[in-house]
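The lines below spell out each chain.
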Amino acid sequence: MITILVCDDDKEIVDAIEIYLAQEGYHILKAYDGEQAIQIIKEYQVHLLIIDVMMPKLDGIRATLKIRESSSIPIIILSAKSEDTDKILGLNIGADDYVTKPFNPLELLARVKSTIRRYTKLGAMAKGGSSHIYQVGGLAIYDDRKEVTVEGERVKLTPIEYNILLFLVKNQGKVFSIDQIYENIWNEEAVGADNTVAVHIRHIREKIEINPKDPRYLKVVWGVGYKIDKQDR
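To start, this report covers the structure provided alongside it. (Residues numbered from 1 in each chain as written. Predicted model: local features only at pLDDT ≥ 70, side-chain atom pairs only at ≥ 80, totals over all residues. Heavy atoms only, no water.)

1. A word on the overall build of the protein
Where we set the bar: In this description a helix means any DSSP run of H or I spanning at least four residues, a strand means any run of E spanning at least two, and both kinds are numbered starting from the N terminus. Note that the radius of gyration is over C-alpha atoms, with the globule rule given as 2.2 Å times the number of residues to the power 0.38. Exposed residues in this analysis have more than 50% of their type's maximum accessible area, buried residues have under 20%, and partly exposed residues fall in between, with area computed by a 1.4 Å probe over protein chains only. We call two residues in contact when some of their heavy atoms are within 4.5 Å. Method for areas: the Shrake-Rupley scheme with a 1.4 Å probe, in which residue coverage is limited to the protein chains shown. The charge count treats Lys and Arg as positive and Asp and Glu as negative. His and the chain ends do not count. Every charge is mapped to an atom, namely NZ of Lys, CZ of Arg, CG of Asp or CD of Glu.
Looking only at helices and strands, the protein has eight helices and eleven strands in total. In summary, the protein has a C-alpha radius of gyration of 18 Å against a globular reference of 17 Å for 233 residues, a match within 12%. Relative to its full complement of 233 residues, the protein shows a buried share of 52%. A separation threshold of at least 6 residues defines the contact pool for the protein, and within that pool the share at least 24 residues apart is 57%. Carbon together with sulfur atoms contributes 49% to the accessible area of the protein, which is approximately 11600 Å² in total. Distance from the positive charge centre (31 side chains) to the negative charge centre (35 side chains) of the protein: 6 Å.

Encoded structure:
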(Lines give C-alpha, C1' and ligand atoms only; values in the text may rest on other atoms or scores of the structure.)
Protein backbone atom coordinates (compact mmCIF):
# COMPACT_ATOMS: atom_id res chain seq x y z
CA MET A 1 0.00 0.00 0.00
CA ILE A 2 1.18 3.50 -0.83
CA THR A 3 1.77 5.64 2.27
CA ILE A 4 1.42 9.42 1.98
CA LEU A 5 2.46 11.85 4.70
CA VAL A 6 0.39 15.05 4.79
CA CYS A 7 1.92 17.95 6.73
CA ASP A 8 0.13 21.25 7.37
CA ASP A 9 -0.43 23.26 10.54
CA ASP A 10 -4.11 23.62 9.58
CA LYS A 11 -5.67 20.39 10.86
CA GLU A 12 -8.83 20.90 8.82
CA ILE A 13 -6.78 20.94 5.61
CA VAL A 14 -4.91 17.80 6.67
CA ASP A 15 -8.18 16.02 7.47
CA ALA A 16 -9.73 17.10 4.17
CA ILE A 17 -6.74 15.84 2.17
CA GLU A 18 -6.84 12.58 4.13
CA ILE A 19 -10.48 12.02 3.17
CA TYR A 20 -9.84 12.48 -0.56
CA LEU A 21 -6.67 10.40 -0.66
CA ALA A 22 -7.99 7.62 1.59
CA GLN A 23 -10.91 7.18 -0.81
CA GLU A 24 -8.34 6.30 -3.47
CA GLY A 25 -6.85 3.60 -1.27
CA TYR A 26 -3.79 5.47 0.02
CA HIS A 27 -2.62 5.07 3.61
CA ILE A 28 -2.31 8.50 5.22
CA LEU A 29 0.05 9.69 7.96
CA LYS A 30 -0.39 13.18 9.41
CA ALA A 31 1.96 15.85 10.76
CA TYR A 32 1.42 19.47 11.73
CA ASP A 33 4.91 20.95 11.46
CA GLY A 34 8.18 20.19 9.71
CA GLU A 35 9.82 18.59 12.75
CA GLN A 36 6.99 16.05 13.05
CA ALA A 37 7.24 15.29 9.32
CA ILE A 38 10.97 14.58 9.53
CA GLN A 39 10.50 12.30 12.53
CA ILE A 40 7.71 10.33 10.84
CA ILE A 41 9.83 9.83 7.71
CA LYS A 42 12.58 8.39 9.93
CA GLU A 43 10.17 5.96 11.60
CA TYR A 44 7.93 4.88 8.71
CA GLN A 45 8.23 3.99 5.04
CA VAL A 46 6.67 7.00 3.35
CA HIS A 47 6.25 7.04 -0.43
CA LEU A 48 5.15 10.65 -0.87
CA LEU A 49 5.19 13.82 1.25
CA ILE A 50 2.68 16.67 0.83
CA ILE A 51 3.93 19.61 2.88
CA ASP A 52 2.79 23.20 3.40
CA VAL A 53 5.31 26.03 3.16
CA MET A 54 4.18 28.20 6.08
CA MET A 55 4.24 26.30 9.38
CA PRO A 56 5.47 26.84 12.95
CA LYS A 57 8.65 25.32 14.43
CA LEU A 58 10.04 24.21 11.08
CA ASP A 59 8.53 25.45 7.82
CA GLY A 60 8.09 23.39 4.67
CA ILE A 61 11.09 24.87 2.87
CA ARG A 62 13.56 24.12 5.67
CA ALA A 63 11.98 20.71 6.27
CA THR A 64 12.35 19.83 2.57
CA LEU A 65 15.98 20.93 2.66
CA LYS A 66 16.61 18.72 5.69
CA ILE A 67 14.81 15.72 4.20
CA ARG A 68 16.79 16.01 0.96
CA GLU A 69 20.01 15.50 2.90
CA SER A 70 19.19 11.81 3.24
CA SER A 71 16.09 10.97 1.18
CA SER A 72 14.87 11.20 -2.41
CA ILE A 73 11.22 10.70 -1.41
CA PRO A 74 8.89 12.60 -3.79
CA ILE A 75 7.68 15.89 -2.28
CA ILE A 76 4.73 18.08 -3.26
CA ILE A 77 4.70 21.48 -1.62
CA LEU A 78 1.57 23.48 -0.87
CA SER A 79 1.89 27.26 -1.11
CA ALA A 80 -0.37 30.30 -1.15
CA LYS A 81 -1.26 31.37 -4.68
CA SER A 82 0.48 34.72 -4.27
CA GLU A 83 3.77 33.27 -3.07
CA ASP A 84 5.42 32.36 -6.38
CA THR A 85 8.86 32.73 -4.81
CA ASP A 86 8.02 29.90 -2.40
CA LYS A 87 7.17 27.59 -5.30
CA ILE A 88 10.43 28.30 -7.11
CA LEU A 89 12.44 28.04 -3.91
CA GLY A 90 10.75 24.73 -3.10
CA LEU A 91 11.62 23.30 -6.50
CA ASN A 92 15.15 24.65 -6.20
CA ILE A 93 15.83 22.75 -3.00
CA GLY A 94 14.40 19.46 -4.21
CA ALA A 95 10.59 19.44 -4.21
CA ASP A 96 9.11 17.55 -7.16
CA ASP A 97 5.93 19.55 -7.68
CA TYR A 98 3.72 22.17 -6.08
CA VAL A 99 0.02 22.90 -5.68
CA THR A 100 -1.30 26.35 -4.90
CA LYS A 101 -3.81 27.16 -2.17
CA PRO A 102 -6.75 27.21 -2.32
CA PHE A 103 -6.63 24.06 -4.42
CA ASN A 104 -9.19 21.87 -6.11
CA PRO A 105 -9.06 18.43 -4.43
CA LEU A 106 -9.24 16.79 -7.85
CA GLU A 107 -6.17 18.73 -8.96
CA LEU A 108 -4.25 17.64 -5.87
CA LEU A 109 -5.33 14.04 -6.44
CA ALA A 110 -4.15 14.22 -10.05
CA ARG A 111 -0.79 15.61 -8.93
CA VAL A 112 -0.45 12.85 -6.34
CA LYS A 113 -1.23 10.12 -8.85
CA SER A 114 1.14 11.60 -11.41
CA THR A 115 3.98 11.91 -8.88
CA ILE A 116 3.52 8.37 -7.59
CA ARG A 117 3.34 7.04 -11.14
CA ARG A 118 6.68 8.68 -11.95
CA TYR A 119 8.18 7.42 -8.69
CA THR A 120 7.03 3.87 -9.39
CA LYS A 121 8.27 4.10 -12.97
CA LEU A 122 11.62 5.27 -11.68
CA GLY A 123 11.85 2.01 -9.79
CA ALA A 124 12.44 3.35 -6.30
CA MET A 125 9.41 1.38 -5.15
CA ALA A 126 9.41 -1.35 -7.76
CA LYS A 127 11.62 -4.41 -7.88
CA GLY A 128 13.59 -5.40 -10.89
CA GLY A 129 14.14 -3.20 -13.91
CA SER A 130 16.21 -3.15 -17.05
CA SER A 131 19.96 -3.61 -17.15
CA HIS A 132 20.52 -0.71 -19.55
CA ILE A 133 23.44 1.63 -19.08
CA TYR A 134 23.28 5.00 -20.84
CA GLN A 135 26.52 6.91 -21.17
CA VAL A 136 27.51 10.32 -22.53
CA GLY A 137 31.17 11.14 -21.99
CA GLY A 138 31.85 10.83 -18.27
CA LEU A 139 28.13 10.85 -17.43
CA ALA A 140 26.60 7.41 -16.87
CA ILE A 141 23.06 6.33 -15.98
CA TYR A 142 22.64 2.81 -14.59
CA ASP A 143 18.94 2.32 -15.14
CA ASP A 144 18.78 -1.05 -13.41
CA ARG A 145 19.67 0.51 -10.07
CA LYS A 146 18.52 4.06 -10.91
CA GLU A 147 21.96 5.52 -10.31
CA VAL A 148 23.79 8.39 -11.96
CA THR A 149 27.54 8.93 -11.88
CA VAL A 150 29.78 11.66 -13.26
CA GLU A 151 33.41 10.61 -13.74
CA GLY A 152 32.73 7.69 -11.43
CA GLU A 153 31.27 9.81 -8.63
CA ARG A 154 27.66 9.09 -7.69
CA VAL A 155 25.19 11.98 -8.06
CA LYS A 156 21.98 12.07 -6.02
CA LEU A 157 18.95 13.12 -8.07
CA THR A 158 15.29 13.38 -7.15
CA PRO A 159 12.86 11.18 -9.14
CA ILE A 160 11.85 14.12 -11.36
CA GLU A 161 15.46 15.10 -12.01
CA TYR A 162 16.36 11.50 -12.82
CA ASN A 163 13.49 11.10 -15.28
CA ILE A 164 14.31 14.36 -17.06
CA LEU A 165 17.98 13.46 -17.37
CA LEU A 166 17.23 9.90 -18.52
CA PHE A 167 14.76 11.20 -21.12
CA LEU A 168 17.33 13.64 -22.55
CA VAL A 169 20.21 11.15 -22.44
CA LYS A 170 18.12 8.51 -24.23
CA ASN A 171 17.50 11.13 -26.93
CA GLN A 172 20.98 12.68 -26.89
CA GLY A 173 21.60 15.20 -29.62
CA LYS A 174 17.89 16.00 -30.00
CA VAL A 175 16.53 19.33 -28.78
CA PHE A 176 13.33 19.35 -26.73
CA SER A 177 11.25 22.40 -25.86
CA ILE A 178 10.14 23.05 -22.29
CA ASP A 179 6.61 21.96 -23.20
CA GLN A 180 7.87 18.72 -24.75
CA ILE A 181 9.94 17.90 -21.67
CA TYR A 182 7.02 18.65 -19.37
CA GLU A 183 4.53 16.58 -21.36
CA ASN A 184 6.91 13.61 -21.57
CA ILE A 185 7.81 13.63 -17.88
CA TRP A 186 4.58 14.79 -16.24
CA ASN A 187 2.30 13.06 -18.79
CA GLU A 188 -0.06 16.02 -18.91
CA GLU A 189 -0.55 19.14 -20.98
CA ALA A 190 2.06 21.81 -20.41
CA VAL A 191 0.36 24.93 -19.08
CA GLY A 192 2.71 27.49 -17.56
CA ALA A 193 5.44 24.86 -17.30
CA ASP A 194 8.39 27.20 -17.95
CA ASN A 195 9.42 27.83 -14.34
CA THR A 196 8.88 24.25 -13.24
CA VAL A 197 11.04 22.71 -15.95
CA ALA A 198 13.69 25.47 -15.83
CA VAL A 199 14.18 25.01 -12.09
CA HIS A 200 14.64 21.24 -12.43
CA ILE A 201 17.03 21.71 -15.35
CA ARG A 202 19.10 24.16 -13.32
CA HIS A 203 19.15 21.74 -10.41
CA ILE A 204 20.34 18.88 -12.63
CA ARG A 205 23.11 21.08 -14.03
CA GLU A 206 24.30 21.99 -10.56
CA LYS A 207 24.68 18.29 -9.80
CA ILE A 208 26.22 16.92 -13.00
CA GLU A 209 28.27 19.83 -14.35
CA ILE A 210 31.67 20.98 -13.11
CA ASN A 211 30.70 24.50 -14.19
CA PRO A 212 26.92 24.85 -14.52
CA LYS A 213 27.38 28.20 -16.31
CA ASP A 214 29.46 26.47 -18.98
CA PRO A 215 27.82 23.04 -19.15
CA ARG A 216 29.46 20.10 -20.84
CA TYR A 217 26.40 17.86 -20.96
CA LEU A 218 23.07 19.63 -20.54
CA LYS A 219 22.97 22.43 -23.10
CA VAL A 220 20.41 25.14 -23.79
CA VAL A 221 19.51 25.94 -27.40
CA TRP A 222 18.31 29.51 -27.09
CA GLY A 223 14.75 30.03 -28.18
CA VAL A 224 14.25 26.29 -28.73
CA GLY A 225 14.89 24.19 -25.64
CA TYR A 226 17.39 21.80 -24.08
CA LYS A 227 19.48 18.83 -25.18
CA ILE A 228 22.19 16.45 -24.06
CA ASP A 229 25.15 16.81 -26.40
CA LYS A 230 26.45 13.68 -28.08
CA GLN A 231 30.07 13.03 -27.19
CA ASP A 232 32.64 10.28 -26.86
CA ARG A 233 33.94 8.97 -23.57
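Here the narrative resumes.
2. A closer look at helix H3 (residues 60–67)
Owing to its 3.6 residues per turn, the α-helix brings residues three or four apart onto one side. The line we're drawing: The arc in question is the one traced by the directions running from the helix axis out to the C-beta atoms. Counted as a polar contact is a pair of N or O atoms within 3.5 Å, where, for protein atoms, one must be capable of donating a hydrogen and the other of accepting one, and residues adjacent in sequence contribute only when both atoms are in side chains.
Of all the positions in H3, only Gly-60, Ile-61, Ala-63, Thr-64 and Ile-67 are classed as buried. In a view along the axis of H3, the buried residues occupy a sector of 165°, so they form one face of it. Structurally, the start of H3 carries an N-cap: the backbone nitrogen of Ile-61 is 3.0 Å from a side-chain oxygen of Asp-59.

3. Details of the packing of aromatic side chains
Stated precisely, the cut-off is as follows: Geometry of aromatic contacts follows a simple scheme: Phe, Tyr and Trp rings, the Trp one being its six-membered ring, pair when their centres are within 6.5 Å, and the pair is stacked under 30 degrees between planes, edge-to-face over 60, tilted otherwise. Over a ring means this: the NZ of a Lys or the CZ of an Arg is within 6 Å of the ring centre and within 35 degrees of the ring normal.
Under the defined criterion, the tally for this structure stands at two aromatic pairs. Their ring planes at 5° and their centres at 4.5 Å tell us that Tyr-182 and Trp-186 sit as a pair that is stacked. Pair noted here: Tyr-182 and Trp-186 are both in helix H7 (residues 178–186), with a separation of four residues, about one helical turn. Look at Tyr-182 and you get buried, because its relative accessible area is 5%. Judged by relative accessible area, which is 0%, Trp-186 ranks as buried. Over the ring of Tyr-32 we find Lys-11; its NZ or CZ atom is 5.0 Å from the centre of that ring.

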